[in-house]
2 protein chains.
Amino acid sequence: MTPRPAVPERQRDADRTRAEILEVAQREFARRGYAGARVDEIAESMRTTKRMIYYYFGSKEQLYIAVLEKAYAEVREAERLVDVEHLAPVEAIRTLAELTFDHHDAHREFITLVAIENIHRAEHIRKSEVLANLGTPVLDLIGRILAAGQARGDFVTEADAIDVHMMISAFCVFRVSNQHTFAALFDRDMTAPEHRSRLRRMVGEMTVAYLRGASTPS
Amino acid sequence: MTPRPAVPERQRDADRTRAEILEVAQREFARRGYAGARVDEIAESMRTTKRMIYYYFGSKEQLYIAVLEKAYAEVREAERLVDVEHLAPVEAIRTLAELTFDHHDAHREFITLVAIENIHRAEHIRKSEVLANLGTPVLDLIGRILAAGQARGDFVTEADAIDVHMMISAFCVFRVSNQHTFAALFDRDMTAPEHRSRLRRMVGEMTVAYLRGASTPS
DNA sequence: CGAGTAATTAACTATCTAGTTCGTAACAAC
DNA sequence: GTTGTTACGAACTAGATAGTTAATTACTCG
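- As annotated in an unreviewed UniProt entry, chain A carries the name TetR/AcrR family transcriptional regulator and is attributed to Bailinhaonella thermotolerans.

Looking at the interface of chain B and chain A
Next up, step 1: Of the residues lining the interface, 63 residues belong to chain B; the matching set on chain A comes to 63 residues.
Next up, step 2: At the junction of chain B with chain A, the criterion picks out six salt bridges.
Next up, step 3: Among the salt bridges present, the one from A:R188 reaches B:D160, with a minimum N-O distance of 3.0 Å.
Next up, step 4: Linking chain B with chain A are 10 residue pairs in polar contact (both at pLDDT 80 or more).
Next up, step 5: The dominant element in the side of chain B that touches chain A, judged by the number of residues it contributes, is helix 10 (residues 161-177) of chain B, at 13 residues.
Next up, step 6: For the side of chain B that touches chain A, the class distribution of residues is 34 nonpolar, 16 polar and 13 charged.

A short note on the protein's contact with DNA strand D
Next up, step 1: Within the structure, DNA strand D sits among 22 residues, and A:R12, A:R38, A:K50, B:R12 and B:A14 are positioned closest to it.
Next up, step 2: The sugar-phosphate backbone supplies 54% of the atoms of DNA strand D found within 4 Å of the protein.
Next up, step 3: At the level of elements, helix 2 (39-44) and helix 3 (50-57) of chain A together with helix 1 (14-32) and helix 3 (50-57) of chain B are the ones that each hand at least two residues to the surface near DNA strand D.
Next up, step 4: Sorting elements by how many residues they give to the surface near DNA strand D places helix 3 of chain B first, with four residues.

Concerning the protein's contact with DNA strand C
Next up, step 1: Close to DNA strand C lie 22 residues; A:A14, B:R38, B:K50, B:Y54 and B:K60 are nearest.
Next up, step 2: Restricting attention to atoms of DNA strand C within 4 Å of the protein, one finds that 55% of them are sugar or phosphate atoms.
Next up, step 3: Residue B:A37 places a main-chain N or O atom 3.3 Å away from a phosphate oxygen belonging to DNA strand C.
Next up, step 4: Elements represented by at least two residues in the surface near DNA strand C include exactly helix 1 (14-32) and helix 3 of chain A together with helix 2 (39-44) and helix 3 of chain B.
Next up, step 5: Here the residues of the surface near DNA strand C are counted per class, giving seven nonpolar, five polar and 10 charged.

Some words on empty space enclosed by the protein
Next up, step 1: As enumerated under the stated definition, the model contains three cavities of 30 Å³ or more in all.
Next up, step 2: The computed volume of the largest cavity comes to approximately 350 Å³.
Next up, step 3: Residue classes in the lining of the largest cavity are distributed as 11 nonpolar, eight polar and two charged.
Next up, step 4: What the second largest cavity holds in volume is close to 110 Å³.
Next up, step 5: What lines the second largest cavity is a set of 16 residues, and nearest its centre among them are A:G33, A:Y34, B:G33, B:Y34 and B:H120.
Next up, step 6: Among the residues making up the lining of the second largest cavity, the classes are represented as eight nonpolar, six polar and two charged.

Things to note about the domain arrangement of chain A
Residue and element names in this part refer to chain A.
Next up, step 1: By the assigned domains, chain A splits into domain 1 (13-58) and domain 2 (69-212).
Next up, step 2: A C-alpha centroid distance of 29 Å is found between domain 1 and domain 2.
Next up, step 3: Contact with domain 1, which involves seven residues of that partner, is made by eight residues of domain 2.
Next up, step 4: Both sides of the domain 1 and domain 2 interface together cover about 710 Å² of buried area, and 65% of this is carbon and sulfur.
Next up, step 5: Counting across the domain 1 and domain 2 interface gives zero salt bridges.
Next up, step 6: Here domain 1 and domain 2 share one residue pair in polar contact (both at pLDDT 80 or more) between them.

Some details on the relation of the copies chain B and chain A
Next up, step 1: With an axial shift of 0.0 Å and an RMSD of 0.1 Å, the rotation relating chain B to chain A amounts to 180 degrees. This pairing of chains is accounted for by a two-fold axis.
Next up, step 2: Taken as a fraction of all interface residues of chain B, those also at the interface in chain A reach 100%, which identifies the copy contact as same-surface.

Some words on the packing of aromatic side chains
All names here are of chain B.
Next up, step 1: The tally for this structure, following the rule as stated, stands at 14 aromatic pairs over all chains.
Next up, step 2: Taking 5.9 Å as the distance between ring centres and 15 degrees as the angle between the ring planes, the aromatic pair formed by F29 and Y34 counts as stacked. For the pair formed by F29 and Y34, the shared burial category is buried.
Next up, step 3: Note on Y55 and Y56: the rings are 5.0 Å apart at their centroids and 75 degrees apart in plane angle, and the pair reads as edge-to-face.
Next up, step 4: Taking the relative accessible area as the measure of exposure, Y55 reaches 54% and is therefore exposed.
Next up, step 5: What makes Y56 partly exposed here is its relative accessible area of 23%.

Observations regarding the confidence of the model for chain A
Next up, step 1: Considering every residue of chain A, the mean pLDDT works out to 90; 92% of them sit at 70 or more.
Next up, step 2: The low-confidence segment residues 1-7 of chain A, where pLDDT is below 50, has zero contacts with residues more than four positions distant or belonging to other chains.

A word on the pattern of salt bridges
All names here are of chain A.
Next up, step 1: Counted under the stated rule, the structure contains 40 salt bridges over all chains.
Next up, step 2: Here R144 and E85 are joined by a salt bridge, their closest N and O atoms 2.3 Å apart. One end of the pair, R144, is in helix 9 (residues 138-152); the other, E85, is in the loop between helix 4 (60-80) and helix 5 (89-106), with 59 residues separating them in the sequence.
Next up, step 3: Taking the relative accessible area as the measure of exposure, R144 reaches 44% and is therefore partly exposed.

Scoring rules and cut-offs
Residues numbered from 1 in each chain as written. Chains lettered and ligands numbered in written order. Predicted model: local features only at pLDDT ≥ 70, side-chain atom pairs only at ≥ 80, totals over all residues. Heavy atoms only, no water. Contact = heavy atoms within 4.5 Å. Salt bridge = Lys/Arg side-chain N within 4 Å of Asp/Glu carboxyl O. Polar contact = N/O pair within 3.5 Å; in protein donor to acceptor, adjacent residues only side chain to side chain. Helix = DSSP H or I, 4+ residues; strand = E, 2+ residues; numbered from the N terminus. Nonpolar A, V, L, I, M, F, W, Y, C, P; charged D, E, K, R; others polar. Near = heavy atom within 4 Å. 1 Å grid on protein atoms, 1.4 Å probe; cavity = no way out; pocket = protein on both sides within 12 Å on 5 of 7 lines; lining within 4 Å. Points joined across faces, edges and corners; volume = space filled by probe spheres on them. Domains from an automatic or database assignment. Buried area = accessible area lost by both parts, 1.4 Å probe. Least-squares fit on C-alpha atoms with pLDDT ≥ 70 in both. Phe/Tyr/Trp six-rings, centres within 6.5 Å; stacked < 30°, edge-to-face > 60°. Buried < 20%, exposed > 50% of the residue type's maximum accessible area, 1.4 Å probe, protein only. pLDDT = per-residue confidence, 0-100.

What follows is the structure, given as structure tokens:
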């Protein structure tokens, strides 16, 4: 039935075990928060023992930091692939906003990890050398789009790249990170399929409208 | 030196003790998260014992729910005082956005509590009857502003009140709730005084610009 | 094939933590 | 004062939890 592969499945496989721990740990941390996550629980949700977690990561905290590092690395990789340089400024910034929306929509667990990290005042991120130097290239991109748009006269509002990034992120992150309390208070699940495309268009419109400016009356 | 007051300070004062527990608990929960907060720690940070926490609140979870209820009640009270009805639609919505900004700026601990509650998928809010029926009147207000603005032709974009509220909240909440990771990545503290007034103007501009619309090119 | 190393397991421990027990002291009503 | 009730405190407990110890098994390489 199951033919033995040429290279037999190894019974002991450091890489695989390490990767599996990270995967399960990410889910557990995102589900319960840092303090709420249980090392025993992580171990039981897979085919290894708690000892392995300490063997590979040393402590609960170091495991958590490793989870953060991996999650941020994936996001960074996705950001690297964004290409809107060939578009006109208005469409470039709109597309960037919509791609950010898609990206956050597809990585909800990551958003939760970030929220957890904020509750702990980013103390773990600060402990990680990998993450501390994560100067995101998205700022350069936005900076170039803004400069081009202002040069062409498409953008009237004088905006700062970090501010614009914040505006877009706020919308996309909030929709995911605050979905539960928002639903409890307003009876609307912002992450439900029926709201998705409308909100996606909205973040693009919002950004473009803000940059076009001309919203200030005499 | 210290004259005895006509009504002497009571050595035992249920209301005062209860209130103090709630106060200290809010700080502790906001600081460490639900699971991270320690009942012993809460007790030690004040002039009463752990026994009283269980005497008045029954369990850690019920204490946490009571903290949430009090925090939401305060916010609701503040919202009740907002009066922008006498303003023209454009200025009304701008002012509402800026007041929301001020409000979130002044209640950062509340924002953290909401973030914590979202990590736990709002399970505690759902357990509270007080909070479940917190249909916020802010939606009515926004609805009236939008209708008036559209009737006068000031607002071109056809927007939904919940969506607009979400847009404003996203900006104001994100600035506070994600301040630490944002600062770690972009080296900018969004909550620092030097960014405050600029961002405050920004949320107003953004909202007005979006509603004015006319941002879609031919 | 034999020795050394990397990966893995099961059982253990010290500590921490939510929740309790039981007794007592202040207050109010009469 | 006496009595009943509300508010309070110190010490305790049962279970959970991060982290360890030490033995064992698979794999590698000469």
